[in-house]
Amino acid sequence: MSHKIKMRFLISYVRLFWIFVIAPAGVHGQYLAGEALDQQALDTQLMVCENMAESSTIGGLLTPVDGQAIRGVWINLFASWWSSCIAEVPHLEEIHNSREAEGLRIISLGNDFRFYTCTEWANLGASYPIIDDRNTAIWSLFGNGAVPRNIIIDSEGIVRYNSIGFNETAIT
């Protein structure tokens, strides 16, 4: 077996190990469904790059504005180069349009804008806030880098859903 083939096999093995063993088990310090965010997580700053007038924190998104009750925040983690993440944009936009009045806020966080810039990502059809999380301050609270990842936090700051992939039927 050539060195190149051995290296490819090793890389494939490590990827499979990560996907099927490490990723499902979670990594210490990440919030899983049923866990409440601590104050430090709630105070994490959001670096807004599109579709939001001012920056906020995760806790700030859970705060009612103009008397509108907040039922929760849906956080979508994406990579601009991944086709599954791109395919989520119209679905998230539809949910954003149909559920915002009910108090569900949707934000998307990108930590890799190699393929699309933040503005270009919003131009794919996203009117919900796009957050630049290249420092992974928020990303690291909920995931291990696998995308897409979707998290729902209720109005009390409790993670109600945290899953890799886009599964609309599990959320609606």
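Computed from a predicted structure; not experimentally measured.

Novice: What is the right way to read the packing of aromatic side chains from this model?
Specialist: How two aromatic rings sit relative to each other is given by the distance of their centres and the angle of their planes. For the structure shown, the criterion picks out 6 aromatic pairs. Plain terms: the ring middles of Y31 and F142 are 6.2 Å apart, the flat faces sit at 45 degrees to each other, and that makes the pair tilted. Remark: F142 occurs in helix α6 (residues 139-142) and Y31 occurs in the loop between α1 (3-25) and α2 (39-42); sequence separation between them is 111 residues. An aromatic cluster is present here, built from F78, F113, F115, Y116 and W121 joined pairwise through their rings.

Novice: When you look at the confidence of the model for the protein in this model, what are you seeing that I'm missing?
Specialist: Note that predicted coordinates carrying low pLDDT should not be read in detail. Per-residue confidence for the protein gives a mean pLDDT of 82; residues scoring 70 or more make up 80%. Taken together, the stretch residues 24-28 has pLDDT below 50 and engages in 3 contacts with residues farther than four places along the chain or on a different chain.

Novice: So what exactly am I meant to see when it comes to the sheet that holds strand β5 (residues 104-110) here?
Specialist: Working definition: the strands of a sheet are paired by backbone hydrogen bonds and lie parallel or antiparallel to each other. Read across the sheet, 6 strands follow the order β2-β6-β5-β4-β7-β8 without closing on themselves; strand pairing throughout is mixed. Each of the sheet's edge strands pairs with one partner strand only, and the pair in question is β2 (48-50) and β8 (159-164). Recorded for the sheet is a direction-independent mean angle of 25 degrees between the axes of neighbouring strands. Relative to strand β7 (residues 149-154), strand β4 (residues 72-78) runs antiparallel, the two sharing 6 bridges. Within β7, the position partnered with G72 by the bridge is D154.

Novice: Which parts of the structure should I look at to understand the state of the cysteines?
Specialist: Using the criterion set out here, one finds 1 disulfide in the structure. A disulfide bridge connects C49 with C118, and the sulfur atoms are separated by 1.7 Å. Because the torsion about its S-S bond is 70 degrees, the bridge between C49 and C118 counts as right-handed. Of this pair, C49 sits in strand β2 while C118 is found in helix α5 (residues 118-122), placing the two residues 69 residues apart along the sequence. Residue C118 is classed as buried on the basis of its relative accessible area of 10%.

Quick notes on the rules
Residues numbered from 1 in each chain as written. Predicted model: local features only at pLDDT ≥ 70, side-chain atom pairs only at ≥ 80, totals over all residues. Heavy atoms only, no water. Phe/Tyr/Trp six-rings, centres within 6.5 Å; stacked < 30°, edge-to-face > 60°. Helix = DSSP H or I, 4+ residues; strand = E, 2+ residues; numbered from the N terminus. pLDDT = per-residue confidence, 0-100. Contact = heavy atoms within 4.5 Å. Pairing = 2+ DSSP bridges. Axes fitted to C-alpha atoms, helices over the stretch in contact; angles between N-to-C directions. Disulfide = S-S within 2.5 Å. Buried < 20%, exposed > 50% of the residue type's maximum accessible area, 1.4 Å probe, protein only.

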